[in-house]
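A structural walkthrough
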Number of protein chains: 2
Amino acid sequence: MKRVNIGLLGFGNVGRGVWTIVEENRAELKKRSGYDVNITKILVRDINKYRGVNVPEGILTTKFEDILEDDEIDIVVEVIGGIEPSVDYMIRSMKRKKHVVTANKMAIATKGSTLLKTSNEEAVMLYYEGSVGGGIPIINGLNENLVANKIEEVIGIINGTTNYILTKMTRENLSFEDALKEAQEKGFAESDPTSDVDAFDPMYKICILSSLAFDTVVNVNSIYREGIRGIKPIDIEYARELGYVIKLLGIAKNVEGELELRVHPTMVPINHPLANVNDSFNAILVKGNAVGELMLYGRGAGDLPTGSAVVSDIISILRNRDNPLYYSKFENGTEPHELREINKVECEYYIRMTVKDKPGVLGEVCTVFGHNNVSMLSVIQKGKREECVSLVFMTHNTLEGNIRKSIEKLEGNNVVVKVENIIRIENLGME
Amino acid sequence: MKRVNIGLLGFGNVGRGVWTIVEENRAELKKRSGYDVNITKILVRDINKYRGVNVPEGILTTKFEDILEDDEIDIVVEVIGGIEPSVDYMIRSMKRKKHVVTANKMAIATKGSTLLKTSNEEAVMLYYEGSVGGGIPIINGLNENLVANKIEEVIGIINGTTNYILTKMTRENLSFEDALKEAQEKGFAESDPTSDVDAFDPMYKICILSSLAFDTVVNVNSIYREGIRGIKPIDIEYARELGYVIKLLGIAKNVEGELELRVHPTMVPINHPLANVNDSFNAILVKGNAVGELMLYGRGAGDLPTGSAVVSDIISILRNRDNPLYYSKFENGTEPHELREINKVECEYYIRMTVKDKPGVLGEVCTVFGHNNVSMLSVIQKGKREECVSLVFMTHNTLEGNIRKSIEKLEGNNVVVKVENIIRIENLGME
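Treat the numbers as computed from the prediction; the structure is a model and nothing was measured.

Attention shifts here to the overall build of chain A. Per the secondary structure count, chain A includes 14 helices and 17 strands. For chain A, whose C-alpha radius of gyration is 24 Å, the value lies close to the compact-globule estimate of 22 Å for 431 residues. When its C-alpha atoms are laid out on the principal axes, chain A stretches across 85 × 45 × 35 Å. Within chain A, buried positions represent 60% of all 431 residues. Sequence-distant contacts in chain A: of pairs separated by 6 or more residues, those separated by 24 or more amount to 74%. For chain A, the centre of its 51 positive side-chain charges and the centre of its 61 negative side-chain charges are spaced 2 Å apart.

We now examine the sheet that holds strand β3 (residues 60-61) of chain B. Residue and element names in this part refer to chain B. The strand order across the open sheet formed by six strands is β3-β2-β1-β4-β5-β6, and the pairing between neighbours is parallel. Among the strands making up the open sheet, the edge pair consists of β3 and β6 (126-127). Pairing of strand β1 (residues 2-9) with strand β4 (residues 73-78), which is carried by five bridges, proceeds in the parallel orientation. Looking at the pairing, Asn5 lines up with Ile73 of β4. The sheet strands contacting helix α12 (residues 303-320) are β1, β2 (35-43), β4, β5 (99-102) and β6, and the helix crosses β5 at an angle near 160 degrees.

For the structure shown, the criterion picks out ten aromatic pairs over all chains. Aromatic side chains Phe11 of chain B and Trp19 of chain B sit 6.4 Å apart centroid to centroid with 85 degrees between the ring planes, which places their arrangement in the edge-to-face category. On the basis of relative accessibility, which here comes to 6%, the residue Phe11 of chain B falls in the buried class. Above the plane of the ring of Phe200 of chain A lies Arg225 of chain A, whose end atom (NZ or CZ) is 3.8 Å from the centre.

Here we come to the environment of Ile403 of chain A. Residues and elements named next belong to chain A. Inspection of the secondary structure assignment puts Ile403 in helix α14 (residues 400-411). When the C-alpha positions of Ile403 and Asn372 are compared, they lie 7.6 Å apart, and in sequence the two are 31 residues distant. Apart from the residues lying within four places of it in its own chain, the contact partners of Ile403 are Tyr349, Ile351, Val374, Thr395, Thr398 and Ile422.

Moving on to the UniProt feature "domain: ACT" (unreviewed entry) in chain A. Per the UniProt record, "domain: ACT" (unreviewed entry) is found at residues 350-424 of chain A. With 31% helix and 44% strand, the stretch residues 350-424 of chain A has end C-alpha atoms that lie 6 Å from each other.

The next subject is the sheet that holds strand β1 (residues 2-9) of chain A. All names here are of chain A. The sheet built from six strands is open, its strands ordered β3-β2-β1-β4-β5-β6 with parallel pairing. In the strand order of this sheet, the two ends are held by β3 (60-61) and β6 (126-127), each with one partner. The pairing of strand β2 (residues 35-43) with β3 spans two bridges and is parallel. If you follow Leu43 over to β3, its bridge partner there is Thr61. Sheet strands touched by helix α12 (residues 303-320): β1, β2, β4 (73-78), β5 (99-102) and β6. Its angle to β5, the strand with the most contacts, is close to 160 degrees.

Tallying the contact residues gives 50 residues for chain A and 50 residues for chain B. For the pair chain A and chain B, the number of links is two salt bridges. One salt bridge connects Asp215 of chain B with Arg32 of chain A, and the closest N-O pair in it is separated by 2.9 Å. For the side of chain A that touches chain B, the leading source of residues is α12 of chain A, giving eight residues.

Bringing the domain arrangement of chain A into the picture now. Residue and element names in this part refer to chain A. Assigned domains within chain A: domain 1 (2-135 + 303-320), domain 2 (138-299) and domain 3 (344-425). For domain 2 versus domain 3, the distance between C-alpha centres works out to 26 Å. On the side of domain 3, 18 residues touch domain 2, which itself brings 18 residues to the contact. Interface area, domain 2 with domain 3, both sides summed: about 1500 Å², of which 60% is carbon and sulfur. When the buried surface of domain 2 facing domain 3 is broken down by residue, Tyr238, Leu242 and Met267 rank first, second and third, together holding 37% of it. Between the two partners, domain 2 and domain 3, sit two salt bridges. Summed over the shared surface of domain 2 and domain 3, the number is eight residue pairs in polar contact (both at pLDDT 80 or more). For the side of domain 2 that touches domain 3, the elements supplying multiple residues, two or more each, are α11 (233-242), β9 (244-255) and β10 (258-269). Here the element with the most residues in the side of domain 2 that touches domain 3 is β10; it accounts for six residues.

Residues and elements named next belong to chain B. Closest axis-to-axis distance for the helix α6 (residues 138-145)/helix α10 (residues 200-213) pair is 9 Å, and the angle between their directions is 10 degrees. By the angle between their axes, α6 is roughly parallel relative to α10. Each of Ile138, Ile139, Leu142 and Asn143 in α6 lies in contact with α10, whose residues at this interface are Ile208, Leu209, Leu212 and Ala213. For the contact of α6 with α10, the per-class residue count stands at seven nonpolar, one polar and no charged.

Residues and elements named next belong to chain A. Of note, the bond from Glu84 into Pro85 is cis; its omega dihedral lies within 30 degrees of zero at 10 degrees. A positive phi is found at Asn173, a non-glycine position, where the angle reads about 60 degrees. Of note, Asn173 is situated in the loop between α7 (160-172) and α8 (176-185). Phi is positive for Ala199, which is not a glycine, with a value near 70 degrees. Secondary-structure assignment places Ala199 in the loop between α9 (194-197) and α10 (200-213). Assessed through its relative accessible area of 0%, Ala199 is described here as buried.

On to helix α2 (residues 26-33) of chain B. Residues Glu28, Leu29, Arg32 and Ser33 of chain B constitute the buried set of α2 of chain B. Axial view of α2 of chain B: buried residues confined to an arc of 105 degrees, hence all on one face. Contacts made by the buried residues of α2 of chain B are with α10 of chain A together with α1 (13-24), β2 and α12 of chain B. Gly34 of chain B occupies a position one or two residues after α2 of chain B and carries a positive phi of about 80 degrees.

Right, let's talk about the pattern of salt bridges for a bit. One pass over the structure, following the stated rule, counts 54 salt bridges over all chains. Overlapping salt bridges bring together Lys253, Glu258, Glu260, Arg262, Arg340 and Glu426 of chain A as one network.

Residue and element names in this part refer to chain B. Structurally, Thr118 is set in helix α5 (residues 105-122). In this structure the side chain of Thr118 is engaged in a polar contact, spanning 2.9 Å, whose partner is the backbone oxygen of Thr114. Other than its neighbours up to four places away in sequence, Thr118 contacts Ile91, Met94 and Lys95.

With that out of the way, let us pick up the environment of Leu116 of chain A. Of note, Leu116 of chain A is situated in helix α5 (residues 105-122). A sequence separation of ten residues divides Leu116 of chain A from Leu126 of chain A, and the C-alpha atoms of the two residues are 6.8 Å apart.

Reading the values: the criteria
- Residues numbered from 1 in each chain as written.
- Chains lettered and ligands numbered in written order.
- Predicted model: local features only at pLDDT ≥ 70, side-chain atom pairs only at ≥ 80, totals over all residues.
- Heavy atoms only, no water.
- Helix = DSSP H or I, 4+ residues; strand = E, 2+ residues; numbered from the N terminus.
- Rg over C-alpha atoms; globule rule 2.2 N^0.38 Å.
- Buried < 20%, exposed > 50% of the residue type's maximum accessible area, 1.4 Å probe, protein only.
- Contact = heavy atoms within 4.5 Å.
- Lys, Arg positive; Asp, Glu negative; His and termini not counted.
- Charge placed at Lys NZ, Arg CZ, Asp CG, Glu CD.
- Pairing = 2+ DSSP bridges.
- Axes fitted to C-alpha atoms, helices over the stretch in contact; angles between N-to-C directions.
- Phe/Tyr/Trp six-rings, centres within 6.5 Å; stacked < 30°, edge-to-face > 60°.
- Lys NZ or Arg CZ within 6 Å of the ring centre and 35° of its normal.
- UniProt positions renumbered as here; feature names shortened; annotations may be inferred.
- Salt bridge = Lys/Arg side-chain N within 4 Å of Asp/Glu carboxyl O.
- Domains from an automatic or database assignment.
- Buried area = accessible area lost by both parts, 1.4 Å probe.
- Polar contact = N/O pair within 3.5 Å; in protein donor to acceptor, adjacent residues only side chain to side chain.
- Parallel < 35°, antiparallel > 145°, perpendicular 65-115°, else oblique.
- Nonpolar A, V, L, I, M, F, W, Y, C, P; charged D, E, K, R; others polar.
- Arc of directions from axis to C-beta.

Printed below as a string of structure tokens:
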């Protein structure tokens, strides 16, 4: 039996998942790869910290060089996260002719080109299935299974924390703040939740997915990004009334050769499969010109699901190791692809505002929209015989720029007290 | 630019899909494989038949040997279907050192071992993603993306025709016969619908999936199979009342090392993702010990979706062609794996019967179930002040053997007029 040694960088949640899978599924991995897989060194910050997993003595180290310089280690698995020192460790590992597996979305989204260039130059493999969607095989899906397609759209719920929060808000009528607090107590959200609730995490992920889907390079900072802090229970309530559910979507579309990339809260028709993806589950919908619509649904994070992707990548490397073939994708466009600016995006919109309750107000508001070419599908006005009243609009398809011009005008108007919220609607068709 | 020539066996629905994709996505395929992909010969039965697709003159042939003996053809794509002559053509192609791509479930399910043995011996590749689930990448999923997992279950809606019929019956209250007729008129069902409605097609598919999921060989004829002819509108109605939807599921489970394989109409909880897979869509749920639950959803058949799988397989071959590595799966067990017999399967059951409407009948029926260790979760009795009355039971988890013994007893009983239907319930948990 051939044997392969693995060096693990990082021993947090995902690292322990990888360890557990390698231990528990040893027999299956042997059978399927022809190799006895062993994790022989693990890089940690503190050797004495208790981690709830038993590892043989001497396997933990605080020095990266112990792994780098160990020529019996063929594959390095990076699960530290973040950009530095992770990217540096990966590059140095590849320069020592070690194959690399990573689950690091930030590193791949921002340094993917550099990392894959190094892997090509050094003729080693770099796999990163775990970087998006945990155990959901979307990277491989785009790289291999759907390779016959022109990809038209990739749309997904790719952040479990915000989906958990939105599910709580929807089901239990909680405020954002209370749902976040509960998510934090249950370990679904971090004590600093910025990366999730302000949608940085799904921004990195949609960056990676769009690069693969459209054979290009995307500058992560040019992606339009909006988090879920502004969603109020009343918006969820109105959405329900209108037949929608609010989800944080990552959206990547190829619109006549122009790329449209955005991450924001979105109203999804209640009977669409994405509307029924709840709690911390993820789902990704791909539309290709041959396959039609395909949806992948599963656990988008967590020790074992992400570990599943990482260990499967290890097996792929073992199967392919003597054949350094087609594993580089980011290489095609060297210059980042220009994105369609947000004002040119076409959508339907939900707009909720508070206006003064007096005659002629609705007409005045509608006139402003009309002048800016925004036409209405539905209007809900709920008077309470108070000084002010809520107006809710659902528009037909229109340019975001027209919406913004209307809103600017309305905010300077003396009958509109406040534009409370604007949420984009995706009338996702799934015939 | 390197060039590869493809020989296409069969030019029906899927064959034309393959042709269309190769034509329309030529630029993408070049970019992604490094090859200019050309279909240079197509085997047909009748050269003069009009097919709605324009192909260059001279490309069609009625002689397999024209393709077999053409040494410029590196890859043969088999989309004829059935066992003979397809299997013979594939084997002879591989012996001529041609790689083979097929979408033929029957050939893979019944002759998979032989075919893969030949591909190993000849050091050529044999890919068959299109054989199950059309464009849904479930074969690759099990072979690669989930390779780190011990697979516990594969459960799926893997026949579009019956799903279309059941959806029609559910939504429009149609009888099986009327729904079938409509499916035939719309081209979703064949004029002889046996393969679909009697569940042969999904039986072949679950055979392939279980072989891959459990690293073994399965004898297709030992799979328990039950079609949808017996489903009545009233069963669908009762199911709805009980909170379920009736779907034809292919089920493969590893129960403590024993394989349980069955295809039959099944009641699925109404809020489970599988319950919401409608019309001709397919969906496959995989449960692995690392990834948890993963669902793939999409078009399970059709020219372009299946073509998507076939052409993606072609690209995989081009990428891997210099490295005849790990593409054989069926090889592991040479003897077919023994299956758990249906009487030992544990399920919940829906049982509908007509009984005489007189005192003591319910007690008598319940006593029979009780003696056979079948315990009840719900009972619905709907009296109509007629001589006979419908009794509907939903049982707790119980052995199929106990159900069968009870039914045998009840059918010989003078108060039971008829046991009308028995449908298994899968309380699919998706936390």
